[in-house]
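Listed here are the chains, written in short residue letters.
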Amino acid sequence: MSPRWPVRDREIDLSRSCVMGILNVTPDSFSDGGRYLDATAAVRRVEELLGAGADILDIGGESTRPGAAPVSATEETARILPAVAEAVRLGATVSVDTSKAAVAEAALERGAHIINDVTALGDPAMGPLAAASGAGLVLMHMRGTPRTMQQAPVYADLCGEIAGFLETRRETAENQGVERDRIVLDPGVGFGKTVEHNLKILAGLESFLALGSPVLVGVSRKRFLGAVTGVEDPQKRTAGSLAAAVAARLRGASIFRVHDVAATGEALAVADAILARDH
Ligand code: HH2
């Protein structure tokens, strides 16, 4: 596996953990919804995340929370563009968390580098856009849609089905002209999965690593952590989030989508230091 992730005109070093800081410019995201909807607050958050040491900023304008209502492309674009423009101006590596090619295109025009697509090419224009722009492309597994995904998801072979889906979508992207080394795979913790499923995915990360692409995980503050620890308030799930990130790192994940950037960076630096001595 290449330890570098080419995203448009730059390359991200994946020989160490890569921390992707989350900015949700939404009224309803499960953990930070409503906090950064105002453009000034969003721009300030960009500065905070970079100051905390984020390697990538992942900016989204539509909540993927279970049961969340859809948003138009125009509205979603209007929400994210001020933060995208500011992040690009500050020299950050910028990812746009969207399933709509029109929104991704607007962000790429402003200089974004990565498309984080939780529907893994649900919009048929996404693959060609990624190919033409040379953007990095995150393909994530989801069962169902955000509206329906938590309705008693059932898998006969959890990790096998997710890995099969990711492999197929990667092949589609490659057939549309996206270079393989620009693609990152994500098993989609919390998207159409029970607590048990999420834990098994993290225990079985080798199934996804075996596909040969870098693996991203998004565990930060998610509900399964609350189920394990008893911590109800997502904002107070930092310790559980760090434990899950470190566990995923030790099993080979390389990119971590997180709310608590400084704390995660510290925890992963320790994991990386241990890994560097593990021969
Ligand atoms: N999780 C969320 C959103 N986007 N993208 C990837 N690649 N992987 C994930 O696990 C992932 C994601 C959900 O978390 P959050 O953004 O905090 O909340 P919301 O979906 O309400 O915006």
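Quick caveat, the model's predicted, so the values are computed rather than measured.

(A) Quick peek at the overall build of the protein. Per the secondary structure count, the protein includes ten helices and ten strands. Computed over C-alpha atoms, the radius of gyration of the protein comes to 17 Å, within 12% of the 19 Å expected from 2.2 N^0.38 for 279 residues, which places it in the range of a compact globule. Expressed as a percentage of its 279 residues, the buried residues of the protein come to 53%. The contacts in the protein between residues at least 6 apart in sequence include a share of 68% that link residues at least 24 apart. Looking at the protein as shown, the accessible area adds up to about 11,300 Å², and 53% of this sits on carbon and sulfur atoms. For the protein, the separation between the mean place of its 29 positive charges and that of its 35 negative charges on side chains is 3 Å.

(B) Looking closely at the side chain of Ser 213. Tracing the backbone through its elements, the reader meets Ser 213 in the loop between α7 (206-209) and β9 (216-217). Residue Ser 213 is classed as buried on the basis of its relative accessible area, which comes to 1%. One polar contact links Ser 213 to Arg 170, side chain to side chain, over a distance of 2.8 Å.

(C) Structural detail: the sheet that holds strand β10 (residues 255-258). Read across the sheet, eight strands follow the order β8-β7-β6-β5-β4-β3-β10-β9 without closing on themselves; strand pairing throughout is parallel. Since the sheet does not close on itself, it has two edges, and those belong to β8 (183-186) and β9, each with one partner. As paired strands, strand β3 (residues 18-24) and β10 are joined by four bridges and run parallel to one another. Opposite Gly 21, over in β10, you have Val 258 as the bridge partner. Each of β7 (136-140) and β8 touches helix α5 (residues 158-175); the most contacted strand, β7, lies at about 150 degrees to it.

(D) Focus on the layout of surface pockets. Roughly 490 Å³ of volume is contained in the largest pocket. Taken together, 29 residues form the lining of the largest pocket, with Phe 30, Arg 65, Pro 66, Phe 191 and Lys 222 sitting closest to its centre. For the lining of the largest pocket, the elements supplying multiple residues, two or more each, are β3 and α8 (223-229). A class-by-class count of the residues in the lining of the largest pocket yields nine nonpolar, eleven polar and nine charged. Approximately 340 Å³ is the volume attributed to the second largest pocket.

The rules we used
- Residues numbered from 1 in each chain as written.
- Predicted model: local features only at pLDDT ≥ 70, side-chain atom pairs only at ≥ 80, totals over all residues.
- Heavy atoms only, no water.
- Helix = DSSP H or I, 4+ residues; strand = E, 2+ residues; numbered from the N terminus.
- Rg over C-alpha atoms; globule rule 2.2 N^0.38 Å.
- Buried < 20%, exposed > 50% of the residue type's maximum accessible area, 1.4 Å probe, protein only.
- Contact = heavy atoms within 4.5 Å.
- Areas by Shrake-Rupley, 256 points an atom, 1.4 Å probe, with all protein chains shown as cover.
- Lys, Arg positive; Asp, Glu negative; His and termini not counted.
- Charge placed at Lys NZ, Arg CZ, Asp CG, Glu CD.
- Polar contact = N/O pair within 3.5 Å; in protein donor to acceptor, adjacent residues only side chain to side chain.
- Pairing = 2+ DSSP bridges.
- Axes fitted to C-alpha atoms, helices over the stretch in contact; angles between N-to-C directions.
- 1 Å grid on protein atoms, 1.4 Å probe; cavity = no way out; pocket = protein on both sides within 12 Å on 5 of 7 lines; lining within 4 Å.
- Points joined across faces, edges and corners; volume = space filled by probe spheres on them.
- Nonpolar A, V, L, I, M, F, W, Y, C, P; charged D, E, K, R; others polar.

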